[in-house]
Amino acid sequence: MLFRSSVETVKIAVRPEELSIVTEEVSGSDFTSIPGTIEKSSFIGAIIRYVVDCGSNLMLMVELHKPQSEALMSNGTSVFVKIPADSILHFHPETGVRI
């Protein structure tokens, strides 16, 4: 478990540049990964921006800064979004106060 709270439900946020994309599921105590499909990819100068559809109305934006030219993945590619535990921000669902 990455986080434990006295609140039953929390809202979370993660900055897009903290996320990474891998092609195989990985596990570890300091991160989690969520399966998804690349919905949209954009090359914007020194950034590749992906929108990943993770199902259940969950869309994640991932930004890769200064990527290698071969890093651009095609739309429809199955991937895993890797989320470092220390980058997850937790908020109370009703008050919006950071927990």
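Residues numbered from 1 in each chain as written. Predicted model: local features only at pLDDT ≥ 70, side-chain atom pairs only at ≥ 80, totals over all residues. Heavy atoms only, no water.

Whenever I open this one, the overall build of the chain confuses me. Can you help?
Tallying secondary structure elements over the chain gives zero helices and seven strands in all. The linear arrangement of helices and strands in the chain, starting from the amino end, is β-β-β-β-β-β-β. Burial statistics for the chain: of 99 residues in total, 21% are counted as buried. Long-range pairs, those at least 24 residues apart, make up 61% of the contacts in the chain between residues at least 6 apart in sequence. Carbon together with sulfur atoms contributes 50% to the accessible area of the chain, which is approximately 6,700 Å² in total. (Helix = DSSP H or I, 4+ residues; strand = E, 2+ residues; numbered from the N terminus. Buried < 20%, exposed > 50% of the residue type's maximum accessible area, 1.4 Å probe, protein only. Contact = heavy atoms within 4.5 Å. Areas by Shrake-Rupley, 256 points an atom, 1.4 Å probe, with all protein chains shown as cover.)

Would you take a moment to explain the sheet that holds strand β6 (residues 78-84) for this structure?
As a general point, the strands of a sheet are linked pairwise by backbone hydrogen bonds and lie either parallel or antiparallel. The strand order across the open sheet built from five strands is β2-β6-β3-β4-β5, with neighbouring strands paired in antiparallel fashion. Strand pairing shows two members of the sheet lacking a second neighbour, β2 (20-22) and β5 (59-65), which therefore form its edges. Between one strand and the next, the sheet's axes are offset by a mean angle of 45°, whatever the strand orientation. Where strand β3 (residues 31-44) lies against β6, seven bridges are found, and the strand directions are antiparallel. Bridge pairing links Phe31 to Pro84 in β6. (Pairing = 2+ DSSP bridges. Axes fitted to C-alpha atoms, helices over the stretch in contact; angles between N-to-C directions.)

Just to check I follow, could you spell out the confidence of the model for the chain for this structure?
When pLDDT is low, close inspection of the predicted coordinates is not appropriate. Overall, the predicted model of the chain reaches an average pLDDT of 87, with 90% of residues at or above 70. The weakest mean pLDDT in the chain belongs to strand β1 (residues 11-13) at 88; the strongest belongs to β6 at 95. (pLDDT = per-residue confidence, 0-100.)

What am I meant to see in the pattern of salt bridges here?
Close approach of charged atoms allows side chains with opposite charge to pair. Throughout the structure, instances matching the rule amount to two salt bridges. Arg15 is the partner of Glu17 in a salt bridge, and the nearest nitrogen-oxygen pair spans 2.7 Å. Of the residues examined, Arg15 reaches a relative accessible area of 52% and is grouped as exposed. Between Glu63 and Arg49 there is a salt bridge, with its nearest N and O atoms 2.9 Å apart. (Salt bridge = Lys/Arg side-chain N within 4 Å of Asp/Glu carboxyl O.)

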